[in-house]
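Here is what each chain is made of, one letter per residue.
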Amino acid sequence: AGGGGGGGGMELMHLTACLRVARTEGDQPEMVVLKAKRGFVTVTAATDGSPQPSVSVSGRNLDAEAIVRALLSGRAAAAQATPLRTEKDLTDEERSTIKAQSINEPLPEGFFFNGSNFVDFEGTVFQYHPQMDRLVASYLDRSNESLRAANDEAARRAAEAGRELAGCVALAKQARVGR
């Protein structure tokens, strides 16, 4: 179906589609026949063997891309990237854990741990390890590993969905309007 000339908007009169549909995420997709005519839509199980996915549309001023986008709009939305955690995202419990683990970390020259606090050789007492910034950064780097992997997977799926949409639109634009 190609985009129509003329001044009117797209008028979709009849649509028949054979589609693979999963009712809920994780379900096995099943072939269904979707028919839309005169404002009514019916969905029935495909009965004739295993038909190929297809779409047949009739109307005026049809826009292939708009039809494909409308048909694919019911897909589950791609997962959004989750921002990586920063120091301000640490919970009090995580800060306490990092502090407790820091007593086992090597100290820079001129510092010692007195059993409660970190002390430099001038006698200044510090509540936190002198290299706490490095320890927090290391903790966040480990904590963010799974977020990076999930974000990479979300980006891969979004790119795949984009390629699928572009392919469907290209195929639809190649189709010829029956007269």
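For the structure, see preceding data.
Here is a short report on the structure shown in this document. (Residues numbered from 1 in each chain as written. Predicted model: local features only at pLDDT ≥ 70, side-chain atom pairs only at ≥ 80, totals over all residues. Heavy atoms only, no water.)

## Here's the deal with helix α2 (residues 92–102)
Applied cut-off: Under the scheme applied here, a residue whose accessible area is under 20% of the maximum for its type counts as buried, over 50% as exposed, and between as partly exposed, the area being computed with a 1.4 Å probe on protein chains only. In this text, helices come from DSSP runs of H or I with a minimum length of four residues, and strands from runs of E with a minimum of two, each type numbered from the N-terminal end. In this description, the arc belongs to the directions extending from the helix axis to the C-beta atoms. For this analysis, residues touch if any pair of their heavy atoms sits within 4.5 Å.
Among the residues of α2, Glu 94, Ile 98 and Ser 102 are the ones counted as buried. Projection of α2 onto a plane perpendicular to its axis shows the buried side chains occupying an angular sector of 80°, all on one side. For α2, exposure combined with an orientation more than 90 degrees from the buried face picks out Asp 92 and Glu 93. Buried residues along α2 sit against β6 (118–120) and α3 (132–143).

## Concerning the nonpolar core
Soluble globular proteins tend to bury their nonpolar side chains together. Our working rule: Residues enter a nonpolar core if they are buried and are Ala, Val, Leu, Ile, Met, Phe, Trp, Tyr or Cys, with the set joined through side-chain atoms within 4.5 Å.
Leu 90, Ile 98, Met 132, Leu 135, Val 136, Tyr 139 and Leu 140 form the largest nonpolar core, which has seven residues in total. The element that contributes the greatest number of residues to this core is α3, accounting for five residues. Ignoring any residue separated from it by four or fewer positions in sequence, one finds Leu 140 in contact with Arg 85, Thr 86, Glu 87 and Leu 90.

## Thoughts on the sheet that holds strand β3 (residues 40–45)
To keep things clear, this is the line we draw: DSSP bridges decide pairing: two strands pair if at least two such bridges lie between them. Axis definition: a line fitted to C-alpha atoms, limited for helices to the stretch in contact. Angles are taken between N-to-C directions and run from 0 to 180 degrees.
Taken in spatial order, the four strands of this open sheet run β3-β2-β1-β4, and their pairing is antiparallel. Since the sheet does not close on itself, it has two edges, and those belong to β3 and β4 (54–60), each with one partner. Strand-to-strand twist of the sheet, defined as the mean angle between neighbouring strand axes without regard to direction, takes the value 10°.

## With respect to the packing of helix α1 (residues 64–72) against helix α4 (residues 145–174)
A pair of packed helices is captured by two measures, namely the crossing angle of their axes and the spacing between those axes. Quick note on the threshold: Oblique is the label for every angle not falling under 35 degrees (roughly parallel), over 145 degrees (roughly antiparallel), or within 65 to 115 degrees (roughly perpendicular). Take the far helix as your reference; a near helix turned counterclockwise from it by less than a right angle gives a left-handed crossing, and one turned clockwise gives a right-handed crossing. Residue classes follow a fixed rule: Ala, Val, Leu, Ile, Met, Phe, Trp, Tyr, Cys and Pro count as nonpolar, while Asp, Glu, Lys and Arg count as charged, and any other residue, Gly among them, counts as polar.
Two numbers describe how α1 lies on α4: the axes approach to 9 Å, and their chain directions differ by 140°. One element, α1, and the other, α4, form an angle in the oblique class. Two packed elements cross with a definite hand, and for α1 against α4 that hand is right-handed. The segment α1 lies against α4, with Ala 64, Glu 65, Val 68, Arg 69 and Leu 72 engaging Leu 165, Cys 168, Val 169, Ala 172 and Lys 173. Looking at the contact of α1 with α4, its residues break down into seven nonpolar, no polar and three charged.

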